[in-house]
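# Structural overview
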Amino acid sequence: MSGSSPILRLAVPAPLRRLFDYLPPAGVETALLRPGVRLRVPFGKSHRIGVLVALTDRSALEPAALKPALELLDTVPLLPPDLIRLLTWAADYYRHPVGEAFATALPVLLRQGRPLPRRRWLRITREGLSLEAGEPARAPRQRELLQRLREGPEGLPLPAPLRDAGRALVARGWAEETEIPPTAAPPTARHGLPDLEPQQVAALAALREEEGHFGISLLFGVTGSGKTEVYLRRMAEVLEAGHQVLVLVPEIGLTPQLLRRLRRRLGVPMAVLHSGLADGERLRAWSDAASGHARLVVGTRSALFTPLPELGLVILDEEHDPSFKQQEGFRYSARDLALVRARERDVPVILGSATPSMESLHHAFGGRWRLVRLDRRAGGACPPAIRLLDVRGLPLREGLSEPLLTLAERHLEEGGQVLFFLNRRGYAPVLLCHACGWHARCHRCDARLTLHRTEGRLRCHHCGHAQPVPKLCPACGGGDLLSLGAGTERLEAALETRFPGVPRVRIDRDSTRRRESLERALEAIRSGEARLLVGTQMVAKGHHFPDVSLVAVVDADQGLFSADFRGPERMAQTILQVAGRAGRAQRPGEVVIQTHHPEHPLMRLLQAGDYAAFARQALEEREEAGLPPFGHLVLLRAEATREEPAKNFLQRVSGLAREMSIGEVEVLGPVPAPMARRRGRHRFQLLLQAGRRSSLQRMLGALLPRVEQLPEARRVRWSVDVDPQEMF
Ligand code: ADP
Ligand code: ZN
Ligand code: ZN
């Protein structure tokens, strides 16, 4: 049967770790069957949409068992070869069903078979450009539209301008409709830009060394050192050279403030991709990137999978942020895959952070990546002075000590803003019966319920369960229920008591459920209207609060005794990032960290504000323990409504893995997960650890096909997490 029609190898969304073979659909020319096109194929009793990955002339299936695809959906490939390779590689590396990995990369509407929208633009013609500014004198609407086209020669997306005066302009030959992606406008105005400081000039020059080829740079610059300014210059250069730029940011780093800054400074058509987009918006942004119309693509994690025909530079800001790793389903690291993609495309990639991950620092310190440092703050701003406030034995009111409150008062009097950082939302983390010791727990998780007082509910922060606050103790009927500990809601109430009438805002997931409310809160801070700020780690990410003169870390001890080996790293990152909000303008900032452990070595390093010193020490410890980046991990998780099946399954897996005894792979567990029950399911985990990734990959390659066959596998939900970021 070979010779005439090839066999199509497709990525079809299904929970199987392999590709699927089909025959071409009837009556379709072979030339149209190029990798990257979508096809509708019969699948089980129904049909699905898959992406053509490769053409081949042999299949493991009997020729008679091969079914023809039903329909070809694209005339041109939707996914370019580099993305096909990236996704294939990633599915293999992360051991995720390849069809689902491809599906992750596509906007929902394309996954459902919608055609790629063809965009048309209205753009000014040579005749239009030669008109005087006041023309046409008697048609103000046309004149206005013409003016807009003159200012943005890259064109306006149709059809909106046609409803206006566009038709008339087209009729008169002053404008034309075009389907070709308009060429980018050159980056706008250079005047009014700050002169780069010497360290920024040096950084920019260092980054330019990786011009036009693959190379990884780590831009390690203290908060406020002008990293963004350096990215902007680099981006402008790459855009001007005619390339597209991809910028990846953490989930909540994608603020309107950042987008405004990019739009204003770079003035090129931009596509923005984040999880909050409606399906249609996402499709439009995606196709603008794919067509080359958008020159700048900014987005969170999954924007990495956008086709970019003219990619010239990848930037990943706040590269240490855990949100770059997807925690469920296709558990990929956008940071690591960004490097793979950049290598595939032979373009430079810049990772930036004030507090880089241990993985990145290890490569940069070791000379494998280019280390670019910015050690001082830009624009003459001073670094914040960090002070530990020993609260042992001090009376605490809602977690606040008197010395801290007195200091806050002074800053307010002097016209500063004060930021209180507490990484715990809600009113109180514990509701306890004083009579019998009962406390409110989630019935589905091994976790306490958090009291949300204004809302009048107890909430589980792990599964979302919510219930009314009981008036009486459910165990003994007593009426003396105490709320212990403080979250942001309670902190805010305490500040109201202490500083009545001082305008304040709270920023946490509860207060900012809607996008606009976060924007409004940030604006109240920027405008100076709010004087007191209370926030969780949401405030620690990339915002500029130039008038914040005091940052108070209310409870620094939470992170000291974490079960996760990344606990200290995360804590150092969060505290230094929050501290970095202080004194970004000319006003020197002060940072106070309340702690019961002022002697703790980590606290001392934080006080010195020396992240590099912290990192060197943390890296030494990791090396001794064989932990990342010196060793590598794979976490197998299993959960079930009862404990037995989850545990038994992982015991079988562990047995198989030990039998294989591949090289140096250590098999640890199974053990109950740190949170042993969640959403009503019992959870266990098995850890594989090895000095080399290749050993782990070899083990997984041999192990998983057998695990999939285990009868026990059918009784549990299980998953593989390669390079896990969270160990729970
Ligand atoms: P980062 O990204 O490192 O936090 P930014 O680039 O956002 O730093 O810069 C921090 C602040 O310093 C911003 O307000 C920015 O406008 C200002 N800034 C950056 N570079 C300069 C410079 N060369 N001269 C004056 N101000 C600068
Ligand atoms: Zn009780
Ligand atoms: Zn729960």
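### Observations regarding the coordination of the zinc ion (ligand 2)
- Ligation of the zinc ion (ligand 2) by protein atoms is provided by Cys-433 (SG), Cys-436 (SG), Cys-473 (SG) and Cys-476 (SG), these donors lying 2.2 to 2.4 Å from the ion.
- Considering all four donor atoms around the zinc ion (ligand 2), the spread of angles at the metal, 107 to 113 degrees, places the coordination shape in the tetrahedral class.
- Read from N- to C-terminus, the donor residues coordinating the zinc ion (ligand 2) fall into the pattern C-x2-C-x36-C-x2-C.
- Its relative accessible area of 1% is what places Cys-433 among the buried residues.
- Overall, Cys-436 belongs to the partly exposed group, its relative accessible area being 39%.

### Overview of the side chain of Arg-233
- With respect to the helices, strands and loops of the structure, Arg-233 is situated in helix 8 (residues 227-240).
- Each residue touching Arg-233, except ones within four places of it in the same chain, is listed here: Leu-193, Pro-194, Leu-196, Leu-204 and Arg-265.

### Some words on the coordination of the zinc ion (ligand 3)
- Here the zinc ion (ligand 3) is held by the protein donor atoms Cys-442 (SG), Cys-445 (SG), Cys-460 (SG) and Cys-463 (SG), which lie 2.2 to 2.3 Å from it.
- Relative to the metal, the four donor atoms surrounding the zinc ion (ligand 3) lie at angles of 105 to 113 degrees, and the coordination shape comes out tetrahedral.
- We note that the donor set of the zinc ion (ligand 3) lies within a single chain, spaced as C-x2-C-x14-C-x2-C. Placement of Cys-445 in the loop between strand 20 (430-433) and strand 21 (450-452) and of Cys-460 in the loop between strand 22 (457-459) and strand 23 (466-468) is noted, with a sequence separation of 15 residues between them.
- With a relative accessible area of 3%, Cys-460 lands in the buried category.

### Remarks on the sheet that holds strand 9 (residues 215-221)
- Reading across the sheet, the seven strands line up as 11-12-10-13-14-9-15 and stay open at both edges, with parallel pairing between neighbours. Single-partner strands in this sheet number two, and they are strand 11 (270-273) and strand 15 (370-374). Adjacent strand axes in the sheet meet at a mean angle of 15 degrees when their direction is disregarded.
- Here strand 9 runs beside strand 15; their pairing, made up of five bridges, is parallel. Paired with Leu-219 across the two strands is Val-372, which belongs to strand 15.
- This element, helix 8, spans strand 9, strand 10 (244-248), strand 12 (296-299), strand 13 (311-317), strand 14 (348-353) and strand 15 of the sheet and lies at about 170 degrees to strand 13.
- Relative to the sheet, helix 12 (residues 358-365) contacts strand 9, strand 14 and strand 15, its axis offset from that of strand 9 by approximately 110 degrees.

### Some words on the pattern of salt bridges
- Tallying each qualifying case throughout the model produces 49 salt bridges.
- Between Glu-237 and Arg-208 there is a salt bridge, and its shortest N-O distance comes to 2.6 Å. Pair noted here: Glu-237 is in helix 8 and Arg-208 is in helix 7 (residues 198-208), with a separation of 29 residues, a long-range link.
- Residue Glu-237 is classed as partly exposed on the basis of its relative accessible area of 26%.
- For Arg-490, the salt bridge identified is with Glu-398, shortest N-O distance 2.9 Å. Placement of Arg-490 in helix 14 (residues 488-498) and of Glu-398 in the loop between strand 17 (396-397) and strand 18 (400-401) is noted, with a sequence separation of 92 residues between them.
- Note on Glu-398: relative accessible area 28%, which makes it partly exposed.

### Points about the packing of helix 1 (residues 81-93) against helix 2 (residues 98-105)
- Closest axis-to-axis distance for the helix 1/helix 2 pair is 9 Å, and the angle between their directions is 130 degrees. With respect to helix 2, the element helix 1 is oriented oblique. Crossing of helix 1 against helix 2: the hand is right-handed. Mapping the contact onto sequence places Ile-84, Leu-87, Thr-88 and Ala-91 in helix 1 and Val-98, Ala-101, Phe-102 and Ala-105 in helix 2.

### What about the site of ligand 1?
- Around ligand 1, the surrounding shell holds 17 residues, and the nearest of these are Asp-195, Gln-200, Gly-226, Lys-227 and Thr-228.
- In the environment of ligand 1, a nitrogen atom lies 2.8 Å from a nitrogen or oxygen atom belonging to the backbone of Asp-195.
- The separation between a nitrogen atom of ligand 1 and a polar side-chain atom of Gln-200 is 2.7 Å.
- For the shell around ligand 1, the element with the highest residue contribution is helix 8, accounting for three residues.
- Classifying every residue of the shell around ligand 1 gives four nonpolar, seven polar and six charged.

### Concerning the packing of aromatic side chains
- Evaluated as defined, the whole model comprises 10 aromatic pairs.
- Look at Phe-330 and Tyr-332: their rings are 4.9 Å apart centre to centre, the planes differ by 45 degrees, and that puts the pair in the tilted class.
- Take Phe-330: its relative accessible area is 2%, and that puts it in the buried class.
- Above the face of the Phe-365 ring, Arg-616 is positioned so that its terminal group lies 4.0 Å from the ring centre.

### As for the confidence of the model for the chain
- Summing up the model confidence of the chain, the mean pLDDT is 91 and the portion of residues at 70 or higher is 97%.
- Averaged over each element, pLDDT in the chain is lowest for strand 7 (residues 156-157) (78) and highest for strand 14 (98).

### Details of the domain arrangement of the chain
- Looking at the assigned domains, one finds that the chain contains domain 1 (7-111), domain 2 (121-178), domain 3 (198-379), domain 4 (381-427 + 486-621) and domain 5 (632-722).
- Computed over C-alpha atoms only, the centres of domain 1 and domain 5 are separated by 29 Å.
- Counting residues at the interface gives five residues for domain 1, matched by nine residues for domain 5.
- Counting each side, the surface lost to burial between domain 1 and domain 5 is near 680 Å², with a carbon and sulfur contribution of 48%.
- By the criterion of area lost to domain 5, the three top residues of domain 1 are Arg-17, Tyr-93 and Arg-95, representing 85% of everything that side buries.
- On the surface where domain 1 and domain 5 come into contact, there are one salt bridge.
- Taking the shortest distance from any N to any O, the salt bridge between Glu-708 and Arg-17 comes out at 2.6 Å.
- For the pair domain 1 and domain 5, the number of links is four residue pairs in polar contact (both at pLDDT 80 or more).
- Partitioned by chemical class, the residues of the side of domain 1 that touches domain 5 number two nonpolar, no polar and three charged.

### Details of the environment of Ala-54
- By the element assignment, Ala-54 lies in strand 4 (residues 46-56).
- Judged by relative accessible area, Ala-54 falls into the partly exposed class, the value being 27%.
- Sequence separation between Ala-54 and Pro-35 is 19 residues; the distance between their C-alpha atoms is 5.7 Å.
- Ignoring sequence-local partners within four residues, the contact set of Ala-54 consists of Ile-7, Leu-8 and Arg-9.

### Quick notes on the sheet that holds strand 5 (residues 71-72)
- With antiparallel pairing, the five strands of this open sheet are ordered in space as 2-1-4-3-5. Looking at which strands have only one partner, the edges of the open sheet turn out to be strand 2 (20-22) and strand 5.
- Bridge count between strand 1 (residues 7-11) and strand 4: five bridges; the pairing is antiparallel. When the sheet's bridge partners are listed, Arg-9 is paired in strand 4 with Ala-54.

Rules used throughout
Residues numbered from 1 in each chain as written. Chains lettered and ligands numbered in written order. Predicted model: local features only at pLDDT ≥ 70, side-chain atom pairs only at ≥ 80, totals over all residues. Heavy atoms only, no water. Donors = N, O, S within 2.8 Å, 3.2 Å for Na, K, Ca; no water. Tetrahedral: all angles 85-135°; square planar, octahedral: opposite > 155°, others 65-115°. Buried < 20%, exposed > 50% of the residue type's maximum accessible area, 1.4 Å probe, protein only. Helix = DSSP H or I, 4+ residues; strand = E, 2+ residues; numbered from the N terminus. Contact = heavy atoms within 4.5 Å. Pairing = 2+ DSSP bridges. Axes fitted to C-alpha atoms, helices over the stretch in contact; angles between N-to-C directions. Salt bridge = Lys/Arg side-chain N within 4 Å of Asp/Glu carboxyl O. Parallel < 35°, antiparallel > 145°, perpendicular 65-115°, else oblique. Left-handed = near helix turned anticlockwise from the far one by under 90°. Near = heavy atom within 4 Å. Polar contact = N/O pair within 3.5 Å; in protein donor to acceptor, adjacent residues only side chain to side chain. Nonpolar A, V, L, I, M, F, W, Y, C, P; charged D, E, K, R; others polar. Phe/Tyr/Trp six-rings, centres within 6.5 Å; stacked < 30°, edge-to-face > 60°. Lys NZ or Arg CZ within 6 Å of the ring centre and 35° of its normal. pLDDT = per-residue confidence, 0-100. Domains from an automatic or database assignment. Buried area = accessible area lost by both parts, 1.4 Å probe.

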